[in-house]
There are 2 protein chains.
Amino acid sequence: MTVTSHDVARLARVSQATVSRALRGDPRVTETTRMRVREAAATLGYVRSELGRGLSTRATHRIALVAELENTLYHQLMAPIHDELLERGYRMALLAEHGDEAIHERLLDRSVDGAILMTTRLDATLPYELARRSLPFVFLNRIGGPVEAPSVTADNVGGSRAAGELLIGLGHTRIGAIVGPADTSTSRDREAGFRDALEDAGLVLPSKRVFRREYDHETGRLGFAALMAADDAPSAIFCANDFIAIGFLNRALELGITVPDDVAVIGFDDIDMAAWPAFELTTVRNPLLAMARRAAGTLIDLIESTGAAERDVFPTQLVLRRTHGAPSESTA
Amino acid sequence: MTVTSHDVARLARVSQATVSRALRGDPRVTETTRMRVREAAATLGYVRSELGRGLSTRATHRIALVAELENTLYHQLMAPIHDELLERGYRMALLAEHGDEAIHERLLDRSVDGAILMTTRLDATLPYELARRSLPFVFLNRIGGPVEAPSVTADNVGGSRAAGELLIGLGHTRIGAIVGPADTSTSRDREAGFRDALEDAGLVLPSKRVFRREYDHETGRLGFAALMAADDAPSAIFCANDFIAIGFLNRALELGITVPDDVAVIGFDDIDMAAWPAFELTTVRNPLLAMARRAAGTLIDLIESTGAAERDVFPTQLVLRRTHGAPSESTA
DNA sequence: ACACTATCAGCATACGTATGCACACAATGC
DNA sequence: GCATTGTGTGCATACGTATGCTGATAGTGT
């Protein structure tokens, strides 16, 4: 049914070994026989089996992308990763994580040469498991615990510190924050950087002005409800990512609260939507696309053992748009 | 280095064949030996090789998802497809299409059991190639040419007809449209349905009131520029998907044009964003998530040869929000 | 006690490709 | 003309799992 290299060999009147070598461009086969083999392969429509090849070479040229697909931030990283992998001769398998569900087996069954972990939690056991079984992997955007592995992240501490300094410089004193899950490195670092900035200015971030949930739109809406009802509601809110910020903006819009006059908002990531006229969100640019390509490249270097485990930190940059702004007189 | 079934066999003092049977739950192996094998496997941390298994059984239990990743609409379909596949014991490979780039080989190298085609163009040759080589596949959302293959789509003609009827019922007579690429079945069908509605009302859709480009945000912005500058600019615009509509809304917002008073807008798909307070987009619901799961299920039925090639059409539904509305007196 | 059946495990091999090794042949040097 | 070197191809086998067939053992009935 399916055409194998044996079929090609028979038609070209050579051995299967020669077919393999000819099609792979081995210099030890003559140009004339190579042509004959190529022709036979074309005639039969031969496509080399990745299964046979993988079994023989012990390499699949496929890497796994592991993410919680519920978090749509990571969707946009698939294209750059896919392209980088393709350029280097690799393909992509997609593995969705759902909380604690075990995906160990699907990574360790030799169906992939390595993995990019995008949504790892700090207490995750998966990275240790992979390290123990020596499956190459890199962390992208988030880091999971103190495992020896390359990582590609943004300067989350510096970025959120800059966000905090911006709000303080504008004169805000009652400042709140809506953050993501505590067991993620991004939340930990972004919160730390933001607190640093406040502390330097002699301010504190009381727990009543912190709302913590997921990195999503809904969290922004819920955070609004939780933080803005108080009499001494914040005059400025730092959102740990842009989805949260946009959820907050949407809720404000719905209630007729004006941004930035009634409350200033600053996000993190600078996703495409942040620049839309409907939002004009002031935010911290997280160079995710470049990071994604880098992570893919680093992983392949690691697989082909030309790379070492290092922490790759990309600089962030404050992007000033509309939603920051000095607090109005009435709320200052 | 890696643990194989032979290693397990040696430790459990049985043959490799028995290990295979024991772990697969073959009733021909005794409960006691099965236990012994299980224990040995656990001790060694054995994980069955998908490569060996695939080569032997001629099935990979992996399906390919083929899409133009530039189109972010399809990103949200990955999670439901992934989950449906997982429930039925399949995994997912992601293959990005870039225009005409040939992905034939990566589908035909026996690394996948089937494919879901999401962004096929009407003139694409890939479906014919797959059919010729008898690789099972299904179309999702879009259809590509008259190939014998199952498809899962929305009732695009009916949905856009309803959109047209809504605008006409509101009294609009100068109506425009911003549509996607002509070589997609969705554009063809949505345009046809919309034209049907106008024709029934004795109206026409002149080419000067149609702007055609991609299914994205930028197209909405460009469409605004192209259609709204005229003296007799449309009082209502049908956008062939929500990204286009939201791009249009953003541009209107930027220019201070009021929706729906100055111009009514209606989209297609009902993506999450459409419901956001910033947009409140009136649109046609395209039950994409349910369709995605269905497509995955249909494909697996086909692979396991319990299914037939049929066209599965999901009903659409008009979702009335804010952006439709009667034309104001001044523009009517 | 014998023949017969049922049950369980092992042997051998297939799946498709890659590759170390051996071998055949031609070309070269003396 | 013989030994030597180099070049191109084939043979055999490995990779890890699944499975048809054979064989061994225990259990049953007469």
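Model, not experiment: these values are computed from the prediction.

(A) Examining helix H11 (residues 242-255) of chain B more closely. Residues and elements named next belong to chain B. Here H11 spans 20 Å end to end across 14 residues, near enough to the 20 Å set by a 1.5 Å rise per residue. Within H11, ten of the 14 residues are buried, which leaves it mostly tucked inside the rest of the structure. Along H11, the residues that are buried comprise Asp242, Phe243, Ile244, Ala245, Ile246, Gly247, Phe248, Leu249, Asn250 and Ala252. Its side-chain oxygen at 3.1 Å from the backbone nitrogen of phenylalanine 243, asparagine 241 defines the N-terminal cap of H11. After H11 finishes, the residue glycine 256 shows a positive phi value of roughly 75°.

(B) View of the protein's contact with DNA strand C. Among the 31 residues in the neighbourhood of DNA strand C, the closest are listed as A:His6, A:Tyr46, A:Ser56, B:Thr18 and B:Thr33. What you see for DNA strand C is that sugar and phosphate hold 64% of its atoms within 4 Å of the protein. The contact in question runs from a phosphate oxygen of DNA strand C to an N or O atom on the side chain of A:Ser20, over 2.8 Å. If you list the elements that add at least two residues to the surface near DNA strand C, you get helix H1 (5-12), helix H2 (16-23) and helix H4 (50-57) of chain A together with helix H2 (16-23) and helix H4 (50-57) of chain B. Of the residues forming the surface near DNA strand C, the biggest block, five residues, is contributed by H4(A).

(C) How the structure looks around the packing of aromatic side chains. Residues and elements named next belong to chain A. Applying the stated criterion to the full structure yields nine aromatic pairs over all chains. Here the aromatic rings of phenylalanine 224 and phenylalanine 248 are separated by 4.8 Å at their centres, their planes lie at 45°, and the arrangement is tilted. Remark: phenylalanine 248 occurs in helix H11 (residues 242-255) and phenylalanine 224 occurs in helix H10 (residues 217-228); sequence separation between them is 24 residues. Phenylalanine 248 matches phenylalanine 224 in its accessibility class, with the two residues each being buried.

(D) Region of interest: the sheet that holds strand S5 (residues 151-154) of chain A. In spatial order, the strands read S11(A)-S5(A)-S4(A)-S3(A)-S1(A)-S2(A)-S2(B)-S1(B)-S3(B)-S4(B)-S5(B)-S11(B); together these twelve strands make up an open sheet with mixed pairing. Edge positions in the sheet fall to strand S11 (311-314) of chain A together with strand S11 (311-314) of chain B, since each of these pairs with one other strand and no more. Mean inter-strand twist for the sheet, computed between neighbouring axes without regard to direction, equals 20°. With four bridges connecting them, S5(A) and S11(A) associate as parallel partners. Within S11(A), the residue paired with A:Val152 across the bridge is A:Asp312.

(E) Representation of the nonpolar core. Counting 144 residues, the largest nonpolar core has A:Ile81, A:Ile116, A:Leu140, B:Ile81, B:Ile116 and B:Leu140 as its most contacted members. Not counting residues within four places of it along the chain, the set of residues in contact with A:Ile116 comprises A:Ile63, A:Ala64, A:Leu65, A:Val66, A:Ile81, A:Val138, A:Leu140, A:Ala295, A:Ala296 and A:Leu299.

(F) Fine view of the protein's contact with DNA strand D. Every one of the 30 residues lining DNA strand D counts as a neighbour, but A:Thr18, A:Thr33, B:Ser5, B:His6 and B:Tyr46 are closest to it. Each atom of DNA strand D within 4 Å of the protein belongs either to a base or to sugar and phosphate, the latter forming 62%. The separation between a base nitrogen of DNA strand D and a polar side-chain atom of B:Arg28 is 3.4 Å. Every element with two or more residues in the surface near DNA strand D is listed here: H2 and H4 of chain A together with helix H1 (5-12), H2 and H4 of chain B. Residue classes in the surface near DNA strand D are distributed as six nonpolar, 15 polar and nine charged.

(G) The arrangement of the sheet that holds strand S9 (residues 264-266) of chain A in detail. Residue and element names in this part refer to chain A. Read across the sheet, four strands follow the order S7-S6-S8-S9 without closing on themselves; strand pairing throughout is parallel. Looking at the sheet topology across the chains shown, the edges are occupied by strand S7 (210-212) and S9. Ignoring which end each strand starts from, the neighbouring axes of this sheet average 15° apart. Sheet topology places strand S8 (residues 236-239) next to S9; three bridges connect them, and they run parallel. By the bridge assignment, alanine 236 is partnered in S9 with alanine 264. Here H10 sits on the sheet in contact with strand S6 (175-179), S7 and S8, set at roughly 150° to S6.

(H) Highlighting empty space enclosed by the protein. Using the criterion set out here, one finds six cavities of 30 Å³ or more in the structure. Each pocket or cavity is described by its volume, and for the largest cavity that value is around 80 Å³. Around the largest cavity sit A:Glu50, A:Leu51, A:Thr60, A:Arg62, B:Glu50, B:Leu51, B:Gly54, B:Thr60 and B:Arg62, which together line it. Elements with a minimum of two residues in the lining of the largest cavity: H4 of chain A together with H4 of chain B. Examining the composition of the lining of the largest cavity, we find that three residues originate from one element, H4(B), more than from any other. For the lining of the largest cavity, the per-class residue count stands at two nonpolar, three polar and four charged. Here the second largest cavity defines a volume of roughly 50 Å³. Per-class residue counts for the lining of the second largest cavity are three nonpolar, four polar and three charged. Mapped onto the domain boundaries, the lining of the second largest cavity takes at least three residues apiece from domain 2 (60-154 + 287-316) and domain 3 (156-285) of chain A.

(I) Up close: helix H12 (residues 288-303) of chain A. Residues and elements named next belong to chain A. Spanning 16 residues, H12 covers 22 Å between terminal C-alpha atoms, matching the ideal 22 Å at 1.5 Å per step. Those residues of H12 lying buried are Leu288, Met291, Ala292, Ala295, Ala296, Gly297, Thr298, Leu299 and Ile300. Looking at the buried residues of H12, the elements they touch are strand S1 (62-67), helix H5 (78-87), strand S3 (114-117), strand S4 (137-140), S5 and S11. With its phi angle positive at about 45°, serine 305 sits one or two positions after the end of H12.

(J) Representation of the pairing of S8(A) in the model. Residue and element names in this part refer to chain A. Residues Ala236 and Phe238 of S8 are buried on one face, and the alternating residues Ile237 and Cys239, pointing to the opposite face, are buried as well. Sheet topology note: the S6/S8 ladder contains four bridges and is parallel. In the strand pairing of S8, alanine 177 is matched with phenylalanine 238. In this fold, the crossover linking S8 to S9 by way of H11 has right-handed handedness.

(K) Quick peek at the side chain of A:Asp109. Relative to the helices and strands, A:Asp109 resides in the loop between helix H6 (104-108) and S3. Setting aside residues no more than four positions away along its own chain, A:Asp109 makes contact with B:Val47, B:Arg48, B:Ser49, B:Glu50 and B:Arg91.

(L) Up close: the pattern of salt bridges. According to the stated counting rule, one finds 57 salt bridges over all chains in the structure shown. The salt bridge involving A:Glu165 is made with A:Arg161; its shortest N-O contact spans 3.3 Å. On the criterion of helical spacing, the pair formed by A:Glu165 and A:Arg161 is a turn pair, its members being four residues apart in helix H8 (residues 156-169). Owing to a relative accessible area of 41%, A:Glu165 belongs among the partly exposed residues under this scheme. Residue classification places A:Arg161 among the partly exposed positions, given a relative accessible area of 25%. One salt-bridge network, held together by shared partners, links A:Glu50, A:Arg53, A:Arg91 and B:Asp109.

Rules of the game
Residue numbering note: each chain is counted from 1, following its sequence as written. Each chain takes a letter, starting from A, and each ligand takes a number, starting from 1, following the order in which they are written. Per-residue local features are limited, in this predicted model, to residues with pLDDT of at least 70; the limit for side-chain atom pairs, both in listing and counting, is 80 or more; totals at the level of whole chains, interfaces and linings are taken over all residues. The side-chain numbers reported here are obtained from all heavy atoms of the structure, hydrogens and water having been left aside. Starting at the N terminus, helices and strands are each numbered in turn, a helix being any DSSP run of H or I of at least four residues and a strand any DSSP run of E of at least two. Given the number of residues in a helix, its expected span is that number minus one, multiplied by 1.5 Å. Each residue is placed in one exposure class: buried if its accessible area under a 1.4 Å probe, protein chains only, is under 20% of its type's maximum, exposed if it is over 50%, and partly exposed if it falls in between. Pairs of N or O atoms within 3.5 Å make up the polar contacts considered here, provided that, within protein, one atom can donate a hydrogen while the other can accept it, and that residues adjacent in sequence are counted only when both atoms are side-chain atoms. One heavy atom within 4 Å of a molecule or strand is enough for the residue carrying it to be called near that molecule or strand. The aromatic pairing rule takes the rings of Phe, Tyr and Trp, using the six-membered ring of Trp, and pairs them if the centres are within 6.5 Å, calling planes under 30 degrees apart stacked, those over 60 edge-to-face and the rest tilted. In this analysis, strands are considered paired if DSSP registers two or more bridges between them. Whenever a helix is involved, its axis is fitted only over the stretch in contact; in every case the axis is a line through C-alpha atoms, and angles between N-to-C directions fall within 0 to 180 degrees. As used here, the term nonpolar core means buried Ala, Val, Leu, Ile, Met, Phe, Trp, Tyr and Cys residues forming a set that is joined through side-chain atoms within 4.5 Å. Residue contacts are counted whenever heavy atoms from the two residues lie within 4.5 Å of one another. The classification used treats Ala, Val, Leu, Ile, Met, Phe, Trp, Tyr, Cys and Pro as nonpolar, Asp, Glu, Lys and Arg as charged, and all other residues, Gly among them, as polar. As defined here, a cavity is a set of points on a 1 Å grid over the protein atoms alone where a 1.4 Å probe fits but cannot get out. A pocket is an open set with protein on both sides within 12 Å along at least five of seven lines, and residues line them when an atom is within 4 Å of a point. Grid points are joined across faces, edges and corners, and a volume is the space filled by probe spheres set on the points. Source of the domain bounds: an automatic or database domain assignment. A clockwise course of the path from the first strand over the helix to the second, judged with the strands pointing away from the viewer, identifies a crossover as right-handed. Criterion for a salt bridge: a side-chain nitrogen of Lys or Arg within 4 Å of a carboxyl oxygen of Asp or Glu.

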